[in-house]
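Chain residues, written in single-letter form:
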Amino acid sequence: MDAADAFFTQTQNQIYECKARGVFRNKKIKPLVGDFVEIEVLDEEKKLANIEKILERKNALIRPAAANVDQVVMIFAVKNPEPNLGLVDRFLLNMEAQETKVILVLSKIDLDEDGSIRKKISEIYQKAGYESYPISTKTGEGMDELRSVLEGKTSVLSGPSGVGKSSLINVLKPGFEAEVGSLSEKISRGKNTTRHTELLDLSEGTRIMDTPGYSSIELITQEEKDLQYDFREFLPHVGNCKFTGCMHMAEPGCAVKAAVEDGLIAKERYENYKKLYEALKDRRKW
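Counting starts from 1 at the beginning of each chain's written sequence and moves along it residue by residue. Local features in a predicted model are, by the rule used here, given only for residues with pLDDT of at least 70; side-chain atom pairs are given and counted only at 80 or more, and totals for whole chains, interfaces and linings are based on all residues. Only hydrogens and water are set aside when side-chain values are computed; all heavy atoms of the structure are taken into account.

## Focus: the overall build of the chain
- When its secondary structure is counted, the chain shows eight helices and 12 strands.
- For the chain, the C-alpha atoms occupy an extent of roughly 70 × 50 × 30 Å along the three principal directions.
- The rule is simple: take the accessible area with a 1.4 Å probe, protein chains only, and divide by the maximum for that residue type; under 20% is buried, over 50% is exposed, in between is partly exposed. Relative to its 286 residues, the chain shows a buried fraction of 43%.
- We call two residues in contact whenever any of their non-hydrogen atoms come within 4.5 Å of each other. Pairs at least 24 apart in sequence give 64% of the contacts found in the chain among residues at least 6 apart.
- Throughout, the Shrake-Rupley method with a 1.4 Å probe supplies accessible areas, and for residues the shown protein chains are the sole cover considered. On the chain, roughly 15,700 Å² of surface is accessible, and the fraction owed to carbon and sulfur atoms is 48%.
- When charges are counted, Lys and Arg are positive and Asp and Glu negative, with His and the chain ends excluded. To locate a charge, take atom NZ for lysine, CZ for arginine, CG for aspartate or CD for glutamate. Positive and negative side-chain charges in the chain, numbering 42 and 46 respectively, have mean positions lying 4 Å apart. Numbering of helices and strands runs from the N terminus, with a helix taken as a DSSP run of H or I at least four residues long and a strand as a DSSP run of E at least two residues long.

What follows is the structure in structure tokens.
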């Protein structure tokens, strides 16, 4: 952890710019967005403080880095940019590896005039057991349903760049941009950048974490033999294959491939599994 790292801590009435004590660095612990902490105020006028203690966490995610999370909301657009299901699957696999609940939000559905794109994507992930919520921040369609899913929870909002996450936050929390500008001025940090993750209160007991956009995702799972367990729809079929140790590639008598043929597993998900399996296998050779 760089000595210049700063963390902004919200108390009941104030926001303090904090540094983490050296003891955290020595233990290789870093405060995460969503942490509950104890602080020592160093300068009340300048609102400077030290983080003295990180309280016990309910959970802690690696990617995205956050603590005390109830669920993760992955946002991707049906158009502009075109949906990258390979990227979506990588994100979902990381959530499975971290045993974290995730829901999918399909944004910009006003651009999907006949509804065919959202229908196809929803069917793919419904087979995998994921909830999906189509929304439009322009028309307001689907926003009430999404608000009900967020209510009473701490949710991480995550998604590729350009999918409308900022527009969504501005609808969920009117005045968000003005608040960010005010905070930036107060702490003399200039513009709010996409490098930072921020915790926002929507209402009593309802919080969202705004995280930076991305264009690529590295898998947490590194061994190709373990990848099958991160595809949740594979699990009822793993172990039913003809051969022990089946990797569901070219082996005969594969129960997973049979489930794909029977329409129980979406072909698109299975094709992504094969690509990722080969990528992990090839990378291990190096």
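## Brief notes about the sheet that holds strand S3 (residues 37-43)
- When DSSP finds two or more bridges between a pair of strands, those strands are recorded as paired. The strand order S1-S2-S4-S3 describes an open sheet built from four strands, whose pairing is mixed. The outermost strands of the open sheet, each flanked by one partner alone, are strand S1 (7-10) and S3. Strand-to-strand twist across the sheet, computed as the mean angle between neighbouring axes with direction ignored, equals 45 degrees. Angles shown run from 0 to 180 degrees and are taken between the N-to-C directions of axes, each axis being a line fitted to C-alpha atoms and, for helices, limited to the stretch in contact.

## Here's the deal with the pairing of strand S12 (residues 206-210)
- Counted residue by residue, S12 has four buried out of five residues, so it is predominantly covered.
- Relative to S12, strand S10 (residues 154-158) is paired through four bridges, and the arrangement is parallel. Its bridge partner lying in S12, Ser155 is registered against Ile208.
- Inspection of the sheet shows strand S11 (residues 198-203) paired to S12 by five bridges, in the antiparallel sense. What sits directly across from Leu200, in S12, is Ile208.
- The turn joining S11 and S12, which pair antiparallel and follow one another in sequence, is formed by two residues; a positive phi near 85 degrees is taken by Gly205.

## Here we look at the side chain of Ser136
- Relative to the helices and strands, Ser136 is located in the loop between strand S9 (132-134) and helix H4 (143-150).
- Residue classification places Ser136 among the buried positions, given a relative accessible area of 0%.
- Here a polar contact is taken to be a pair of N or O atoms separated by no more than 3.5 Å, where protein atoms must pair a possible hydrogen donor with a possible acceptor and residues adjacent in sequence count only if both atoms sit in side chains. Separated by 3.3 Å, the side chain of Ser136 and the backbone nitrogen of Lys138 make a polar contact.
- With near-sequence residues (within four places) excluded, Ser136 lies in contact with Ile109, Asp110, Glu141 and Met143.

## Some remarks on unusual backbone geometry
- Backbone torsion omega between Arg63 and Pro64 reads -5 degrees, so that peptide bond is classified as cis.
- With an omega of 5 degrees, the peptide bond running from Asn80 to Pro81 counts as cis.
- As for its placement among the helices and strands, Pro81 is situated in the loop between strand S7 (71-77) and helix H2 (85-97).
- The phi dihedral of Asn68 falls on the positive side, at around 55 degrees, and the residue is not glycine.
- Positionally, Asn68 belongs in the loop between strand S6 (66-67) and S7.

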